Each structure stands twice: as C-alpha cells, then as structure tokens.
Amino acid sequence: MGERRHDEPELVTDSHHGILSDILGSREAAVESMLYSYKHGFSGFAAVLKPHQATLIADLPGVVHVVPNRILSLQTTRSWDFLQVKPQVVNGILEKGQSGGGSIIGILDTGWYGNVVDVCWFQLFGSIMVLDSCCTGIWPESESFRDVGMGKVPSHWKGICQGGEEFSSSNCNRKIIGARWYVKGYEAEFGKINTSDAVEYLSPRDASGHGTHTASTAAGAVVDNVSFMGLAKGTARGGAPSAWLSIYKVCWSTGGCSSADLLAAFDDAIFDGVDVISASLGSSPPLASYVDDVLSIGSFHAMAKGISVVCSAGNSGPYPQTVINTAPWVITVAANTIDRAFPTAIMMGNNQTVVGQALYTGNNMNKFYPIVYGEDIAYADSDEDSARSCDAGSLNGTLVRGKVVLCFQSRSQKTAANAARTILEMQGVGVIYAQYPAKDVTLAHGIPLVQVDFIVGTYLLNYMEATRNPVVKFSLTKTVVGRQVSPEVAFFSARGPSSLSPTVLKPDVAAPGVNILAAWTPIASAQSFDTTKNQLPLGFKFESGTSMSCPHISGIVALLKAIHPTWSPAAIKSALITTASLKDEYSLSAVAEGAPDKKADPFDYGGGHVDPNRAIAPGLIYDMKVPDYVQFLCSMGYNDTAISNIAKAPNKCRSKTKNLLLNLNLPSISIPEMKNRVTVSRIVTNVGPAISVYVARVEAPPGVNVIVEPSVLSFNFTSNKMKFKVTFCSLVRIQGRYTFGNLFWEDGSHVVRIPLIVRPIIEYYYPEV
C-alpha cells in the first residue's frame, strides 16, 4: 500500500484490519487471516486469502499491488588483506572508530555461531542489515561475539531481542543487541515446522550455519590462532569487530524463505534504524517485474529512506542473462577469487606427480591405493555417462570399496560433492574429480576429494590404461598464499545482461566470494564425519558463492557511509563502480572463469573488482534520487498510480519512452538495441576539490564511434554539477553481439571510469504471410 498514511503504527494496522474486515465480513476474521501488518517503513500487510478475495482487495483505492507469496532460495582469513583494507591498531588495541564502533549491523540470515576465522576487516560505521540467502538467525555463545569492550547500545536503536526455542532475551548482550524471527509466511505456505523432525529452532538461533558464516564476515571479534582443521591458519578478523549486531531470521533450514516474511524483516529493519541492507537471496529467471518482486519493493522503500541495499548476483554462472536482483536502486554483487590456494599432490605408481586442489586434513593417506575409473566399474545396466561422473546408483559398490575413483564432470553431475558422497557411501577411500577449470574448492567430509582439470584427469586416465595395477597416493592439503593469480570472476557467479532491464548494467561490482573461511554452526555439521567416523562439530567452514561476496560489499558501503554520511545510496554505488579495477594483482586484464576462461567484461563483474581504498575519494559521482527511479519505472511501463503511491509523493510520469531508460543517471551506459545513432546524457557531481578540471578519454567499443560533449568539465565553488552527452554511432552493425568500452574522466588525481556496453543491431522487416 506504498508509504504510510499515518505516523502512528497502530493506526496503520487498524486501517489494514478495516480493509480485511470489509472483504472477510468481520474484524475477527481479519485478525485471524492477517500474518503481518507492515507499518514502519511502509504500509501493507500479508494475509491468507482466497484468489477472489485477493482480487477484490486489489481493486480497492489505495492498494498499490497484490503480490502472491513466493518462496525464495539460497544463493576469510585472507579476503580483506587481499583487498588491502587494514585494521587501525593503537597501542595494541583496535581503534573503535576504525573497527565498527558506533555501527549496528542487522543480519538477515540463518543465525549465528562460532568464531570468525580468516574473514575480513574493514573500517565500518553506521548500521548494516544483512539479508542472506539462508537468513536463519544466530548462535550467540561464540567467543567471536563476546561484548567485552563494547559501548552502550546506541540511543537511536529501536529493535528488540525476541525469544523462542533455545534462545531468550538473555542471549542478547552489548554485542548482539537485537534479534527477530519470521515464520508466519513460511508456515502459511508449507504448514507448521516440526522441530522434532528436523534440526531447526523456532527462534533467532541458527540451525543451518549459512547465516553464521555471512554474519561473521561482517562483525566477528578478533580471535587469535584459529584455522579450519589446520588450513588457513591465522587471526580471525571480522569486518567490524566493534560493531553491534541485530539478527533477522527469515529463512529456514527446512528450505526457503517466504516473501511475506522477508517484507516483514525489511519493515522492521527500516524501523530499527539500519543504514545498509545486504541481501543474498533471490529467485532464478524468469525475473518477476519490479512491482511484483518483494525484494525490489522492500529495497525501494529502504532506498527512499537513504538505506543502501546490497544484493547477491546469483550462482547460475557462467551462463549469460542469469543475473538476479537487477533493480537499479540496489548494488548487485558478483563473486571473485582471492590469491589463496589449497594444493594437494597426487603421486602415481610410476613416480609421476600431478597437483589438484582439496580441503583435506585427514589421516591414513601416506600410502598407495588402487585407482579405478567410474565408467569402468559401472553397475549393471547403468548409463555410461552417469558412471563416468559417479552419479548415485551408477557404480558397482564391490569394485569401489577400498579404492580411489576417478570421476569426470558431466551435464548430469556438475558438483564434486555429489560424486564424493557416492564414493563415501560405497566405502571408497578417495575421489579425483576432473572438471572445468575453477578455483572454487569443494569441502568433503570423511574422504579426500581432489579436484583437477580435464587435462590432469585425462593424464591420470592414460596412466591407468597403460598400467596393469595403477595406484595413487595423496598428500595432505597445504595452504599457499600469493601463488594464485587473482582476482578472477568465479565460474558460478551469475552473468549479465539483465533479462528484465538490459539498459541497467548488472552485476554492479565484484568482491571476494570463493573459498571464504568464516564461522559456522556446530549443529549444522551433524552429517560431517572424519575418517574414523567421528562427528565433526565444525566451528569454521569454507563456503563459496555470491552470498559470500555480498557482505564484503556491505562492509565497504558502511565504511563509505561513515566517511560520507550525506551521500545517497546511488552516490555510494557510483563510488564503488567508477573506482573498481579491471586488472588482476599483476596488472594484467582480469579473467572470468568459464568454459573456457575469457577476458572479463562488464557482464561478468559490472564496473570491475572492488577497490575499497579508491572508492573513498572517487572524484566524481553519478547521483540519483527517488524521482529518478520513479521515471525509470514509468519507462518500464508500470502503472502511474501504483508508482506514485510507492514513491509517497504524487509523481506523474513525464514520458514512457525508452530514451528515459537510457538516460537514467547510472555509472554505466548500456544500449542493448542501437540501430543507428544514439545520444544519452549523464550528470556528474564533483565530490573532490572544489576547483577541478576533468578531461574525457574514450575507449570506444569495437565497431562504434563515440563522441563526448563537452569533452572538458570545469568545476568551481559555485558549480559542482555538470551535464554531458555521449553520442554513439555504429560503424558495423552485427545482430546480437555486444561490444564493450570505457569512458574516463581524468583530472590528474582521479580516474573516474564507467563501462560502455553497446549492441548494434540490424532492423529486420517481416512481410505479412
């Protein structure tokens, strides 16, 4: 129902009950039907209704839209050092102002537990709210979340500590100052959660571990001498060790997150007073329209309140048009690698050695074992392709027992974890998994799992075919830093262009999201065993995904908001994009993992790999306010009245032409259909020295001529905003092919770059049949 019409939340809820009463016949029926009344950040409600009742409500005055409930799905010791973001230490003590003091971080995830190991550090001020793809609460007993040295709870804090199973208000302290959980929408969809049948808690307590992992990336205390079973040893450093935390549990280990619950969390987080929302959840394509997608709706209201919203790009890469969370008012984050590797040697019986990657620290590997090929030990009548990739049920268990099995990735079996599970259940002693080259390492418990590329896999296969009794021996995994070229865009990271609004470049920026080691929930490791079949209560775990890259950007956003408290969410996003890097650590063009690897482009990483230190002083920013986004929605063809209600003020669409889509003041220019000549405009704001002169430099997309007018921007004390136009003229029109370039503004101290994406097309004419 858009913005609130009353300042008193109780009056907002009364109005909601009144609407439902008219439809359902009584106030009692309305109260019973309603799941949530959204009354803080915006007005609306969630209720259990029949289709015809929903239709009636949709036609009532003041109702913006009726959206069916949907279920959304999931999507370091080294990472912050790799980003060259260092802690400020004074006399051996973390300087609070430089370690999150004064900030409240809201975590929407699976919960919380454990110490943060090898995670990150960044200067963090303001509030962060992290909505992760598995937003399931917190495990409060961890040493990483002790409140020693924490100051008083901020006076502006309005949150609560909501109790439940295995969690009471006493679990909150001066570190964890708030906790909420949301289950009404989930249970309306699937029925009551039976916590006696599944490992879950009807409370803010984390049962799955994912929320603990992402939350610890943001705010774990400093803990010395920690590792994952000996790997990645070091000091655990959360992003904001002095920051306060508030937990919003919206997802459940039994599977998924209800959009009704998610919107309730948005509403409360806005009310509680967060500054940043980090959302690592979403739905795969086809993407819902921006007025039907709850994440887009909630983030619009947050943006209107000055809250930056950071989202994961999705894990469906490397295929094009798979990126999710594409609204222009959010920051969409791709995943990249860091320079840490976990080499594991494989010695063959002929004294030759090849190297793969693994996360194995078990015992009894200092001996040779027979090695067999999955296809050669196929179960009777099973498919050869399934056996080759070690699918469940495809192998002869007798021939697997006591052996190392070589498996090859296939269309049906894309994950090494499934192959390892198959071999472990059949009492095999090891797995070598040949796959597309990628740096993401899969963690397997109870059995060594060494990942190699197809070249190494084929080399091993040739050895096996040429040897009567082939054998192999594994070394224990080592941790190596600085030997792996990074950053590279991760294989799994979803790619652009946006399938919903291709004029909006997505993703926006890339951050570390591969093999990130952070805190975990011991209860979530109930199925993890070591080589002696002893259960492993994991306190730390490696995870990969855009869920891991998202909180990295959230922390950097919090840093920027602290340094530039008056900057809008659009200005902060602009600073990240225009200062991002296109190079790896050796100043070579960055690469995107794929099939095959290729030079990375804006559809892989948006503006590039994040550079936190440069983003602090970007020189120029591309700013936007709510009316700019309203005109964007107008150009998308959405209903004028609905947009006006969402935006609070009675905005009228000036025009619905596509040219407005191209002229949205984004820090990028994307033209998906250029038939001849196209001119677009942008406005930049000088946030550097008052007297500055910037000169344009263009790297034109191949086959396109680009003209910038004016080519020189001069700022002074009375003028800090200037408009420029960019004209594109196609020299070669090739149907369906995108070309990429860059526009630079340079003043001697700053280099402000935005990507240029152009797709020249030939206009086709179809005669009538």
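What counts, and at which threshold
Residues numbered from 1 in each chain as written. Predicted model: local features only at pLDDT ≥ 70, side-chain atom pairs only at ≥ 80, totals over all residues. Heavy atoms only, no water. Helix = DSSP H or I, 4+ residues; strand = E, 2+ residues; numbered from the N terminus. Buried < 20%, exposed > 50% of the residue type's maximum accessible area, 1.4 Å probe, protein only. Areas by Shrake-Rupley, 256 points an atom, 1.4 Å probe, with all protein chains shown as cover. Axes fitted to C-alpha atoms, helices over the stretch in contact; angles between N-to-C directions. Parallel < 35°, antiparallel > 145°, perpendicular 65-115°, else oblique. Contact = heavy atoms within 4.5 Å. Pairing = 2+ DSSP bridges. Patch = residues over 30% accessible without salt bridge, like charges linked within 9 Å, V, L, I, M, F, W, Y side chains within 5 Å. Salt bridge = Lys/Arg side-chain N within 4 Å of Asp/Glu carboxyl O. Phe/Tyr/Trp six-rings, centres within 6.5 Å; stacked < 30°, edge-to-face > 60°. Lys NZ or Arg CZ within 6 Å of the ring centre and 35° of its normal. Disulfide = S-S within 2.5 Å. pLDDT = per-residue confidence, 0-100. Core = buried A, V, L, I, M, F, W, Y, C linked by side-chain atoms within 4.5 Å. Left-handed = near helix turned anticlockwise from the far one by under 90°. Nonpolar A, V, L, I, M, F, W, Y, C, P; charged D, E, K, R; others polar.

Participant: Explain the overall build of the protein to me, and be specific about the residues and the numbers.
Facilitator: Along the backbone of the protein there are 19 helices and 38 strands. Counting all 769 residues of the protein, 58% fall into the buried class. Roughly 29900 Å² of accessible area belongs to the protein as shown, and the carbon and sulfur atoms make up 52% of that amount.

Participant: How would you explain the packing of helix H7 (residues 259–272) against helix H8 (residues 294–304) if you had to name every residue and give the values?
Facilitator: Each pair of packed helices can be summarised by the angle the axes make with each other and by the distance between the axes. Look at H7 against H8: their axes get within 9 Å of each other, and the N-to-C directions meet at 10 degrees. Comparing the axis directions of H7 and H8 gives the class roughly parallel. Contacts between H7 and H8 pair Ser259, Leu262, Leu263, Phe266 and Ile270 from the former with Val294, Leu295, Gly298, Ser299, His301 and Ala302 from the latter.

Participant: Which residues make up the environment of Trp745, and what values go with them?
Facilitator: Tracing the backbone shows Trp745 in strand E37 (residues 739–746). Along the chain, Trp745 and Tyr694 lie 51 residues apart, while their C-alpha atoms are 5.6 Å from each other.

Participant: Which residues make up helix H6 (residues 210–219), and what values go with them?
Facilitator: In terms of residue burial, H6 counts as a mostly covered element, since ten of its ten residues are buried. Within the span of H6, buried status applies to His210, Gly211, Thr212, His213, Thr214, Ala215, Ser216, Thr217, Ala218 and Ala219.

Participant: Hey, could you go over the sheet that holds strand E31 (residues 669–674) for me, with residue numbers and the actual values?
Facilitator: If you trace the five strands from one edge of the open sheet to the other, you get E31-E38-E37-E33-E35, paired in mixed fashion. Both edges of this open sheet fall to E31 and strand E35 (712–715), since each of them pairs with a single strand only. Ignoring strand direction, the axes of neighbouring strands in this sheet form an average angle of 20 degrees. Bridge count between E31 and strand E38 (residues 751–760): four bridges; the pairing is parallel. Residue Ile671 lies in a different strand from E38, and its bridge partner there is Val758.

Participant: Before we move on, can you summarise a nonpolar patch on the surface with the specific residues and values?
Facilitator: A cluster of nonpolar residues, Val485, Tyr586 and Leu588, forms a patch on the protein surface that exposes about 290 Å² of accessible area. As for its placement among the helices and strands, Tyr586 is situated in the loop between helix H14 (569–578) and strand E28 (591–592). Residue class for Tyr586 comes out partly exposed when judged on its relative accessible area of 47%.

Participant: Which residues make up the side chain of His16, and what are the values?
Facilitator: Structurally, the position occupied by His16 is in helix H1 (residues 9–24). Since its relative accessible area comes to 0%, His16 is described here as buried. Apart from residues no more than four positions distant in its own chain, His16 is found in contact with Met1, Met34, Ser37, Tyr38, Ser43, Gly44 and Phe45.

Participant: I'd like a description of the packing of aromatic side chains, backed by residues and values.
Facilitator: Within this structure, the stated rule accounts for 20 aromatic pairs. With a centroid separation of 6.3 Å and 75 degrees between ring planes, the pair formed by Trp181 and Trp252 is classed as edge-to-face. Here the residue Trp181 occupies a position in strand E8 (residues 176–181), and Trp252 occupies one in the loop between strand E11 (244–249) and strand E12 (257–258), the gap between them amounting to 71 residues. Aromatic side chains Phe228 and Phe542 sit 5.4 Å apart centroid to centroid with 80 degrees between the ring planes, which places their arrangement in the edge-to-face category. Placement of Phe228 in strand E9 (residues 223–228) and of Phe542 in strand E27 (residues 540–543) is noted, with a sequence separation of 314 residues between them. Taking relative accessible area as the criterion, Phe542 reaches 4% and is therefore assigned buried. Taking the ring centre of Tyr36 as reference, the NZ or CZ of Lys184 above it sits at 5.4 Å.

Participant: Break down the state of the cysteines for me, with residues and values.
Facilitator: Per the counting criterion, the structure on display carries three disulfides. Each sulfur in the disulfide pair Cys161 and Cys172 lies 1.8 Å from the other. With the S-S bond torsion at 85 degrees, the cross-link from Cys161 to Cys172 turns out right-handed. You can see Cys161 sitting in the loop between strand E7 (128–132) and E8 and its partner Cys172 sitting in the loop between E7 and E8, a full eleven residues away along the chain. Paired by a disulfide, Cys251 and Cys257 hold their sulfur atoms 1.9 Å apart.

Participant: Mind laying out the pattern of salt bridges, listing which residues take part and the relevant values?
Facilitator: The final tally for this structure, using the stated rule, is 18 salt bridges. Between Asp268 and Arg180 there is a salt bridge whose closest N-O contact spans 3.6 Å. You can see Asp268 sitting in helix H7 and its partner Arg180 sitting in strand E8, a full 88 residues away along the chain. Here Asp268 and Arg180 have matching classes, each one buried. One salt bridge connects Lys598 with Asp604, and the closest N-O pair in it is separated by 2.5 Å.

Participant: Before we move on, could you go through the environment of Glu585 and cite the residues and values that matter?
Facilitator: Here Glu585 lies in the loop between H14 and E28. Given a relative accessible area of 35%, Glu585 falls into the partly exposed group. Measuring from C-alpha to C-alpha, the distance between Glu585 and Ile338 comes to 9.8 Å, with 247 residues separating the pair along the chain. For Glu585, the contacting residues outside a window of four places in its chain are Phe82, Asp339, Gln484, Val485, Ser486 and Pro487.

Participant: Describe the sheet that holds strand E30 (residues 620–621), listing the residues and the values that go with them.
Facilitator: Spatially, four strands are ordered E30-E32-E36-E34 in an open sheet, and the strand pairing comes out antiparallel. Two strands lie at the open edges of the sheet, namely E30 and strand E34 (704–709), each paired on one side alone.

Participant: Provide a residue-level description of the confidence of the model for the protein, including the pertinent values.
Facilitator: Here the protein averages 85 in pLDDT, while 87% of its residues score no lower than 70. For residues 529–535, every residue scores under 50 in pLDDT, and the model assigns this stretch 15 contacts once sequence neighbours within four places are set aside.

Participant: An account of unusual backbone geometry is needed here, citing residue identities and associated values.
Facilitator: The peptide bond linking Gly496 to Pro497 adopts the cis configuration, its omega dihedral lying at 5 degrees. Here Pro497 lies in the loop between strand E24 (480–481) and strand E25 (509–512). Residue Pro507 is bonded to the preceding Lys506 through a cis peptide linkage, with omega at -5 degrees. Examined against the element boundaries, Pro507 turns out to sit in the loop between E24 and E25. Positive phi values are uncommon outside glycine, yet Asn351 reaches one of about 70 degrees. Along the chain, Asn351 turns up in the loop between strand E17 (343–348) and strand E18 (353–357). Phi at Asp381 is positive, roughly 70 degrees, even though this residue is not glycine. Here Asp381 shows up in the loop between strand E19 (369–373) and helix H9 (384–388).

Participant: Lay out the nonpolar core with the relevant residues and their values.
Facilitator: In this structure, Tyr38, Leu262, Phe300, Trp329, Phe632 and Leu633 are the most contacted members of the largest nonpolar core, which totals 59 residues. Only strand E1 (34–38), E11, H7, strand E13 (276–282), H8, strand E14 (308–312), helix H17 (626–635) and helix H18 (640–646) provide two or more residues apiece to this core. Top element by residues in this core is H7. It accounts for eight residues. Counting residues in each nonpolar core, the second largest holds 24 residues, with Tyr622, Ile671, Phe728 and Leu743 among its members.

Participant: An account of the packing of H6 against helix H13 (residues 546–563) is requested, with residue identities and associated values reported.
Facilitator: Taken N-terminus to C-terminus, the directions of H6 and H13 make an angle of 30 degrees; their axes are 8 Å apart at the nearest point. Classified by the angle between their axes, H6 and H13 sit roughly parallel to one another. The two elements H6 and H13 cross, and the hand of that crossing is right-handed. Residues His210, His213, Thr214 and Thr217 of H6 touch H13, and the partners they reach there are Ser547, Met548, Pro551 and His552. A breakdown of the residues in the contact of H6 with H13 according to their chemical character gives two nonpolar, six polar and no charged.

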